[in-house]
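Residues per chain, in single letters:
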Amino acid sequence: MQIRSAPLPPFEAVVAEHGAVVLRVCRALLAPADADDAWSDTFLAALRAYPSLRPGSNIRGWLVTIAHRKAIDVIRRGKRQAVPFGDLPAVAVDDRIAVLEADLALRDALSALAPKQREAVIYRYLADLSYDEVAEQLGGSVAAARRNAADGIARLRELYPSAATAADTDPDRRSGDADVPR
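In this text the structure is predicted, and so the values were computed from the model without any measurement.

Colleague: Where do I start with the side chain of H18 in this structure?
Modeller: The topology assignment puts H18 in helix 1 (residues 11-29). We classify H18 as buried; its relative accessible area is 7%. Apart from residues lying up to four places away in sequence, H18 is in contact with F43, I59, R60 and L63.

Have a look at this one:
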């Protein structure tokens with residue numbers, strides 16, 4: 001007897017369900033304008049590959065992987081482009097700029113982490129993947145994924161004090177089986 005998996009949901013439903021997670025991953029790795037482009041590139045690539053995705057696949061993990069690779073592509077493209085310099089015009093300060101500065105500060109703090117720690121923190125806390133899924137993304141064990149996430153959060157607490165609140169809302173932490181240090 002064969003067990004049949006449910007068919008894949010319509011792609012529009014996938015975008016609606018996972019769009020915010022993909023955007024968080026992109027924003028964690030890139031500047032806001034580049035993050036929006038990477039988000040779009042992620043879903044364009046996913047749309048092309050979606051018909052060949054096996055039913056029952058981990059769609060969130062699949063999209064996060066695509067988003068991470070698209071972000072890396074943007075970073076590589078940026079290294080090949082000239083960087084303009086000079087005085088920039090003054091801009092009015094409002095709530096959006098404060099949010100942008102917080103995003104940039106978090107992105108800077110994340111970029112200061114070791115690569116495995118950065119990826120573990122992004123996958124676990126921004127993409128909300130389980131430690132099993134994080135381990136799969138990183139190509140290691142669940143214990144290594146937990147350790148990298150814990151070490152990354154500990155380092156983020158030093159670099160970016162508001163990151164402590166993200167770790168305190170982790171459901172695994174509340175259940176007592178996470179090893180993120182306080």
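The discussion continues.
Colleague: Is there a simple way to think about the packing of aromatic side chains in this case?
Modeller: Under the defined criterion, the tally for this structure stands at 4 aromatic pairs. Consider the rings of F11 and Y50, whose centres lie 5.1 Å apart with planes at 65 degrees: the pair is edge-to-face. One end of the pair, F11, is in helix 1; the other, Y50, is in the loop between helix 2 (32-49) and helix 3 (59-79), with 39 residues separating them in the sequence. Site record: aromatic cluster; members linked through ring pairs are F11, W39, F43, Y50 and W62. The ring centre of Y125 lies 5.9 Å from the NZ or CZ of R124, which sits over that ring. Over the ring of Y131 we find R124, and its NZ or CZ is 5.0 Å from the ring centre.

Colleague: Looking at this model, I keep getting lost on helix 1. Mind explaining?
Modeller: Working note: α-helix, 3.6 residues per turn, so residues spaced by three or four point in the same direction. At H18, helix 1 shows its strongest bend, of approximately 55 degrees. Inspection of helix 1 places F11, V14, H18, G19, V21, V22, V25, C26, A28 and L29 among the buried residues, and these make up the whole buried set.

Colleague: For this particular structure, what's the right way to read helix 2?
Modeller: Between its first and last C-alpha, helix 2 extends 26 Å over 18 residues, near the 26 Å set by a 1.5 Å rise per residue. The set of residues buried in helix 2 consists of A35, A38, T42, F43, A45 and A46. All buried residues of helix 2 lie within an arc of 160 degrees about the axis, which places them on one face of the element. For helix 2, exposure combined with an orientation more than 90 degrees from the buried face picks out A33 and R48.

What counts and what doesn't
Residues numbered from 1 in each chain as written. Predicted model: local features only at pLDDT ≥ 70, side-chain atom pairs only at ≥ 80, totals over all residues. Heavy atoms only, no water. Helix = DSSP H or I, 4+ residues; strand = E, 2+ residues; numbered from the N terminus. Buried < 20%, exposed > 50% of the residue type's maximum accessible area, 1.4 Å probe, protein only. Contact = heavy atoms within 4.5 Å. Phe/Tyr/Trp six-rings, centres within 6.5 Å; stacked < 30°, edge-to-face > 60°. Lys NZ or Arg CZ within 6 Å of the ring centre and 35° of its normal. Bend = angle between axes of the 7 residues up to and from the residue. Expected span 1.5 Å × (residues − 1). Arc of directions from axis to C-beta.

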